[in-house]
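Examination of the molecular architecture
Spelled out, the chains give:
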Amino acid sequence: MKKKFLTIFSVIVLTIVGLAACGKKSAADKDTWTVATSGTLYPTSYHDPKTKKLTGYDVEVIRAVAKGLHKKVKFKEYDVDGMLTAVKTGKADMAADDFAISPARQKNYLMSSPIKHSFNSLIVRQSDNSGINNWKDIKGKKSAGEAGTNYQRLAQQLGAKLVNYDNVSNDVYMKGVASGKTDFIMNDYYLQKLALKAQPNSGLKIRQGMYFTTNEDGKGEGIVFNKNDQKLQKQFNNELAKLKKNGTLSKIAKKYYGADVTKKPNVHIDRHFTIQSKYKGD
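This next bit is on the packing of aromatic side chains. In the structure shown here, the tally under the stated rule is 14 aromatic pairs. For the pair Tyr-190 and Tyr-257, a centre-to-centre distance of 6.2 Å together with 70 degrees between the ring planes defines the contact as edge-to-face. Here Tyr-190 is found in helix α7 (residues 189–198), whereas its partner Tyr-257 is found in helix α9 (residues 248–257), with 67 residues between them in sequence. Among the residues examined, Tyr-190 registers a relative accessible area of 13% and is labelled buried. Residue class for Tyr-257 comes out buried when judged on its relative accessible area of 5%. Ring geometry for Phe-212 versus Phe-273: centroids 5.9 Å apart, planes at 75 degrees, classification edge-to-face.

Written out as structure tokens, the structure reads:
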């Protein structure tokens, strides 16, 4: 009788475990991907002013890959820390928002193959360069950015005073520099160029001759996955390779950036900075 009871109990336990395993799909096996993004970073991830629809380069790359793999996509909007936390905790299957494939990030997450290559620049006031005529002039100036980003870490390292914003759109940053609330914005060159084009009377410009890269820029920009989602990463990269080969990725890039950012840029880089370890994060 005891033996029979143990046998029945074992079957029940195994059944429960089996049902639990079936109910919890891995990210790669899901029919719908949950993707963390900002919705405020033009032209990477933003809402079209007319349709209010979420769009942008990273957003459309995700949609193209998902289409090829017969997946649906649901986007959730967060700030930078929120996106990475969502991926780490499983609330999102991936994050897409111009993330650098950096050594520091690869310690904590998996990354896709590069979907973009770029370099960095500074936006300053047209009238006086915001008083920034060389890299030493950064000291004491006010840097506009989001807390915890590599740009703010570098700005602090160079002696700037940090003015942090929380997941706001480009126009907020630009108004701050124009008004003197802040003095400069460090960011991706292509993003900065398009932000200025969208606001031609902003009174701002990209500071020529001060293009830079950092050790945290890594090997381009890509999509972020949970460290345990190797299967999803492989699926994504295989489909991404097809989009690169058939020209789809280049077409999307030219639509949003006006340039083929899938290729490495041919431009003179003035400085390469090493962001010190105490400023590193996810």
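Resuming the write-up.
As a further point, take helix α2 (residues 57–68). With 12 residues, α2 ought to run about 16 Å at 1.5 Å a step, and its terminal C-alpha atoms sit 17 Å apart, in line with that. Of all 12 residues making up α2, nine are buried, and the element is well covered by its neighbours. The complete set of buried residues in α2 reads Tyr-57, Asp-58, Val-59, Glu-60, Val-61, Ile-62, Ala-64, Val-65 and Ala-66.

Within a beta sheet, neighbouring strands are joined by backbone hydrogen bonds and run either parallel or antiparallel to one another. With antiparallel pairing, the three strands of this open sheet are ordered in space as β2-β3-β4. Unpaired on one side and paired on the other, β2 (40–41) and β4 (54–55) mark the two borders of the sheet. Where strand β3 (residues 45–47) meets β4, two bridges bridge the pair, whose relative direction is antiparallel. Bridge pairing in β4 links His-47 to Leu-54.

What follows covers the pairing of strand β6 (residues 94–100). Of all seven residues in β6, seven are buried; the element is thus mostly enclosed. When strand β1 (residues 32–37) meets β6, the two strands line up parallel, connected through two bridges. Each bridged residue has a counterpart across the sheet, and for Val-35 the counterpart in β6 is Met-94. Judged from the four bridges that link them, β6 and strand β14 (residues 221–226) form a sheet pairing that is antiparallel. Residue pairing across strands places Phe-99 opposite Gly-222, the latter belonging to β14.

What counts as what
- Residues numbered from 1 in each chain as written.
- Predicted model: local features only at pLDDT ≥ 70, side-chain atom pairs only at ≥ 80, totals over all residues.
- Heavy atoms only, no water.
- Phe/Tyr/Trp six-rings, centres within 6.5 Å; stacked < 30°, edge-to-face > 60°.
- Helix = DSSP H or I, 4+ residues; strand = E, 2+ residues; numbered from the N terminus.
- Buried < 20%, exposed > 50% of the residue type's maximum accessible area, 1.4 Å probe, protein only.
- Expected span 1.5 Å × (residues − 1).
- Pairing = 2+ DSSP bridges.

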